[in-house]
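# Per-entry structural report
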Amino acid sequence: MDLSMGGYGAYVWTCFILAGVVLVVCEWRARLRHRRVYRDIEVRIKALGDSQ
Amino acid sequence: MKPRQQRMLAVGLVVVGVAIATGLTLQAMKDSMMFFVSVTEVAEGKYPDNRNFRVGGLVKDGSVTREEGSLEMNFLVTDLRCDLAVSYSGVLPDLFREGQGVVAHGRLREDGVFAADEILAKHDENYMAPEVADSLAEAEADAAAAKADHVREKTAGLQEGPTGCPSNDS
Amino acid sequence: MWKFIHQLASPPHFYRIAQILIPWLAVPGLLLIGYGTYAGLFLAPMDYQQGDAFRIIYVHVPSAYLSMLAYMTMAVSAGIGLIWRIKLSHAVAAAAAPLGAWFTFLALATGSIWGKPMWGTWWEWGDPRLTSELIMLFLYFGYMALRGAIDDTSKADRASAVLALVGAVNVPIIHFSVEWWSSLHQGPTLIKEGGPAMDPGMLYPLLAMILGFTLVFGALLLRRVRAEVLFRERRTRWVKDLVLSGGN
């Protein structure tokens, strides 16, 4: 295994790490959005229940 | 017409209309959309006057000369029809070599030499292992040599024809 | 068949089925990406011209392809939503936009990092391929900004759908830009006459990466659509029941 990639290691590894980061960020953002929406609904239902 | 069909028609018209309008606009702007001009176009005088432009082609085999003790270098860029002399001093991309595609940015001097201030390398869409490329090049060279022999036999005694490059002297 | 599609288009059904589907897309997708990354970095031979720098192709091409696939997903869903008034369809369009923007960014960034050592430049203004891909990033931004600017969801759906459809003209322009005009970017390697211009040892990891990225994109899209559906249906009975029962 040649980790230096024939002198292009900095370029190659940056690209692969960047791709990994983008995939993780996409997953994290999607989960975050779902969690926020879910929580807002929970809060609203609770508020409705309390006021009755 | 039902409302749904009306909406379908509207969506269809928007998509087709935008496509036609964009197509016409791009057609009209075709020349300015070109990232670089070819060497033949330069020879025909088809390049923007009074401003820098880009010319693309292959670095002609055996044409690269460097001035000793400086970064100044000269080479020919060819599109296999016309050649253009280029002078440049500066850093070169790793892919720069003879036979390689390049795009030079700069201006055409009075003496017909293209003074480049930036050289970019262009590679093709073929990807292969070095060994494969070597054997392919060998096979091609053999085929070319055989063809050249054949042509020489056929054209023995005939004058060499014009290269086909339009002259810009007039 | 129609019954199945109709059921799927109903938000509660979709919400449940999507949750089941996500791991079936994500797990094979990640396995393919894992294989493609290892094989692309260490097993595939280096390129005869570009050496090891060519390995950037294994993340650049999948992300560039996904940037266009996401746009087509967005535009087609928006069009279906406009014509047939299917709410789920608009939710898919809205969910595809941020993912498309991320993959467009990734395509531009990896292309730039690839361009520096090979072409000799990070970026060239005026190059048709680079410019059309950058325009697509702005189209995604415009789409999301337009949605964000309109509070009423169904109005936002319709206005942004028109923008998505108008911008769709850019997708074929990106693909054919290198053939219609001169560009620093080379022509297509995979989609060309006579088949892909690539050694099999280089090609299979690339195909694995493209398929893997597509599957993971599918999983990400489903996850985003679920959040979108939940938000749009927040005042409905089934969402209330779902949240009260503590379901996900």
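What you see is a predicted model, and the numbers here were worked out from it, not measured in a lab.

For chain B, the mean per-residue pLDDT works out to 85, and 90% of the residues sit at or above 70. When mean pLDDT is compared element by element in chain B, strand β7 (residues 114–122) of chain B scores highest at 94, while helix α4 (residues 130–154) of chain B scores lowest at 78.

A full pass over the atoms with the stated rule returns 13 salt bridges over all chains. Residue B:Lys46 is joined to B:Glu44 by a salt bridge in which the shortest nitrogen-to-oxygen separation is 3.3 Å. Here C:Asp157 ties to C:Arg232 by a salt bridge, and the two come within 2.9 Å at their closest N and O atoms. Pair noted here: C:Asp157 is in helix α6 (residues 153–167) and C:Arg232 is in helix α8 (residues 200–232), with a separation of 75 residues, a long-range link.

Turning our attention to empty space enclosed by the protein. Residues and elements named next belong to chain C. Summed over all chains, the structure comprises one cavity of 30 Å³ or more. Each pocket or cavity is described by its volume, and for the largest cavity that value is around 40 Å³. In terms of lining residues, the largest cavity is bounded by Pro 11, Lys 87, Leu 88, Ala 91, Val 229, Arg 232 and Glu 233. Secondary-structure elements contributing two or more residues to the lining of the largest cavity are α4 (87–118) and α8. Sort the elements by how many residues they give to the lining of the largest cavity and α4 lands first, with three residues. Its residues placed into classes, the lining of the largest cavity shows four nonpolar, no polar and three charged.

Right, let's talk about the domain arrangement of chain B for a bit. According to the domain assignment, chain B contains domain 1 (1–33), domain 2 (35–122) and domain 3 (127–153). Computed from C-alpha atoms alone, the centre-to-centre distance between domain 2 of chain B and domain 3 of chain B is 27 Å.

To continue, consider the nonpolar core. In this structure, C:Tyr58, C:Tyr71, C:Met74, C:Phe213 and C:Val225 are the most contacted members of the largest nonpolar core, which totals 95 residues. Ranked by residues supplied to this core, first place goes to α4(C) with 16 residues. Excluding anything up to four places from it in sequence, C:Val225 contacts C:Phe14, C:Leu88, C:Ala91, C:Val92 and C:Ala95. One finds B:Val39, B:Leu84, B:Tyr88 and B:Ile119 within the second-largest nonpolar core, a separate group that totals 21 residues.

Right, let's get into the packing of aromatic side chains. According to the stated counting rule, one finds 16 aromatic pairs over all chains in the structure shown. On the numbers, 6.3 Å between centres and 65° between planes, the contact of C:Phe103 with C:Phe213 is edge-to-face. With C:Phe103 in helix α4 and C:Phe213 in helix α8, the pair connects residues that are 110 residues apart, well separated along the chain. Look at C:Phe103 and you get buried, because its relative accessible area is 0%. Here the aromatic rings of C:Phe103 and C:Phe217 are separated by 6.3 Å at their centres, their planes lie at 75°, and the arrangement is edge-to-face. Remark: C:Phe217 occurs in helix α8 and C:Phe103 occurs in helix α4; sequence separation between them is 114 residues. Across this residue pair, the class does not change: C:Phe103 and C:Phe217 are buried. Taken together, the ring pairs connect A:Trp13, C:Tyr38 and C:Phe42 into an aromatic cluster. Of note, A:Arg33 hangs over the ring of C:Phe231, and the distance from its end group to the ring centre comes to 5.3 Å. A cation over a ring is seen here: C:Arg234 above C:Phe231, with NZ or CZ 4.1 Å from the ring centre.

Cut-offs and rules
- Residues numbered from 1 in each chain as written.
- Chains lettered and ligands numbered in written order.
- Predicted model: local features only at pLDDT ≥ 70, side-chain atom pairs only at ≥ 80, totals over all residues.
- Heavy atoms only, no water.
- pLDDT = per-residue confidence, 0-100.
- Helix = DSSP H or I, 4+ residues; strand = E, 2+ residues; numbered from the N terminus.
- Salt bridge = Lys/Arg side-chain N within 4 Å of Asp/Glu carboxyl O.
- 1 Å grid on protein atoms, 1.4 Å probe; cavity = no way out; pocket = protein on both sides within 12 Å on 5 of 7 lines; lining within 4 Å.
- Points joined across faces, edges and corners; volume = space filled by probe spheres on them.
- Nonpolar A, V, L, I, M, F, W, Y, C, P; charged D, E, K, R; others polar.
- Domains from an automatic or database assignment.
- Core = buried A, V, L, I, M, F, W, Y, C linked by side-chain atoms within 4.5 Å.
- Buried < 20%, exposed > 50% of the residue type's maximum accessible area, 1.4 Å probe, protein only.
- Contact = heavy atoms within 4.5 Å.
- Phe/Tyr/Trp six-rings, centres within 6.5 Å; stacked < 30°, edge-to-face > 60°.
- Lys NZ or Arg CZ within 6 Å of the ring centre and 35° of its normal.

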